[in-house]
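# Breakdown of the fold
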Amino acid sequence: MKWDVTPYRDTVMEYAKALLSQDSPSGFTLRAVEAAENLARGLGYETRRSRKGNLTILVPGREHEKKVGLCAHVDTLGLMVRSVTADGKLLITKVGGPLLPTLDGEYCRIYTRDGRVYTGTILSLSPAAHVEDDAGTRPRNEQSMAVRVDEVVSTAEDVAALGIAPGDYVCYDPKTLVTPSGFLKSRFLDDKASAACLLTVLKILRDLGQLPRYDAEITFTVYEEVGHGGATFSESLDELLAVDMGCIGAELTCTEEQVSICAKDSAGPYDYAMVTRLVELSRANGVDYAVDVYPHYSSDAAVAWKSGRDLPAALIGPGVHASHGMERTHWHGLKATMELVGLYLDCE
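These figures come from a predicted structure and were not determined experimentally.

### Focus: the side chain of Asn 54
Assignment of secondary structure puts Asn 54 in the loop between β1 (46–49) and β2 (55–59). For Asn 54, a relative accessible area of 2% gives the class buried. Within the structure, Asn 54 has its side chain in polar contact with the backbone nitrogen of Val 222 (distance 3.1 Å). There is a polar contact of 3.4 Å between the side chain of Asn 54 and the side chain of Thr 232. What Asn 54 contacts, discounting residues up to four positions off in sequence, is Arg 48, Arg 49, Thr 219, Phe 220, Thr 221, Val 222, Gly 229 and Thr 232.

Okay, here's the thing in structure tokens:
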């Protein structure tokens, strides 16, 4: 049975905005985990956290001889202070793989170890068109970009007096916006859009009084962007469905209005039987989908395999344009993703 998820359009957008409003680069994810946990518990679900920080939501099924896992990640890209210049600028290092040229001019927050938060702006080290000859041509990379702190500082000692030091996180604004035409525009839709879809699926189950066929665990991981988020899934899982962003671009067929089913990424092919099942479920139930091969991509499912887990896994997600930059997806893509998740869970 395919759900009518149309009544949940506002819900998935609100859940997405709730998650996106929490700064959570890899290693600094507590706020996003707490937001997701509060939403899940508010719906009546039991949760647990791993020592590493992953959040798992327990979903009882109608049958208990099998357990399926679903995952999304709530960690995002970000920056960290690597050093402070003599005139008080913060030099940066990447957390994950943000496209640094897209960050030139972005507002940000700097979190100190003692809990203080300062604002700033990420800029080229040649920021002024009226001063520097290379203001428009200087590369935008770690060696030529810095954070201008919104405090009166002119020396490295001034910055140290604020409590800012190497190792502090720099979190830039997601700039989240929902348009009247149904687009969700924001940084970090990879993968908070998918997390919002899974939370909305939990609400649909609760509202309709339905259960998945099998016991399920939905895990939100916190180190996906740096390559080891999926290394600690429960040993009791029999299979895993990763819900992460779908790729859009050259030689790919997916659009922002579809759910993408990944047949292969940089880590190799996904489980053939699971991918086939997802395609057949979509085709039989009128879910708008595309099957693609992602050229520069890896997921928590691949990490689970590489960490030695013996379980079949597949990957789906809403089509997201301009990944790791100013991302965008559409309500129709979120809708198709939730429809396919519901069919996968075989809810009634």
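### Points about the pairing of strand β4 (residues 78–84)
Across six bridges, β4 lies against strand β5 (residues 90–95) in antiparallel orientation. What sits directly across from Gly 78, in β5, is Val 95. The loop that links β4 with its antiparallel partner β5 comprises five residues; one of these, Gly 88, has a positive phi angle of about 90°. As paired elements, β4 and strand β9 (residues 169–172) share two bridges and run antiparallel to each other. When the bridges of β9 are listed, Leu 79 appears paired with Val 170.

### Focus: the nonpolar core
Core analysis: the largest hydrophobic core is formed by 99 residues, its most contacted members being Ile 57, Leu 70, Leu 199, Phe 220, Leu 240, Ile 316 and Leu 345. By residue number, the principal contributor to this core is helix α4 (residues 189–208), which donates eleven residues. Excluding residues that lie within four positions of it along the chain, Phe 220 makes contacts with Ala 36, Asn 54, Leu 55, Ile 57, Ala 72, Val 74, Ala 195, Leu 198 and Leu 199.

Cut-offs used in this document
Per-chain numbering applies: the sequence of each chain, read as written, is numbered from 1 onward. Only residues with pLDDT of 70 or above have their local features reported here, since the model is predicted, and side-chain atom pairs are shown and tallied only from 80 upward, although totals for entire chains, interfaces and linings are computed over all residues. Heavy atoms throughout the structure, all of them, feed into the side-chain values; hydrogens and water do not. Each helix is a run of DSSP H or I of at least 4 residues and each strand a run of E of at least 2, with the numbering of both proceeding from the N terminus. Classification of residues uses two cut-offs on accessible area relative to the type maximum, computed with a 1.4 Å probe and protein chains only: under 20% is buried, over 50% is exposed, and between them is partly exposed. Under this definition, polar contacts are N or O atom pairs within 3.5 Å; protein pairs additionally need one hydrogen-donor-capable and one acceptor-capable atom, and for neighbouring residues in sequence, both atoms have to be side-chain atoms. For this analysis, residues touch if any pair of their heavy atoms sits within 4.5 Å. Strand pairing requires that DSSP identify at least two bridges connecting the strands. Residues belong to a common nonpolar core when they are buried Ala, Val, Leu, Ile, Met, Phe, Trp, Tyr or Cys residues joined through side-chain atoms within 4.5 Å.

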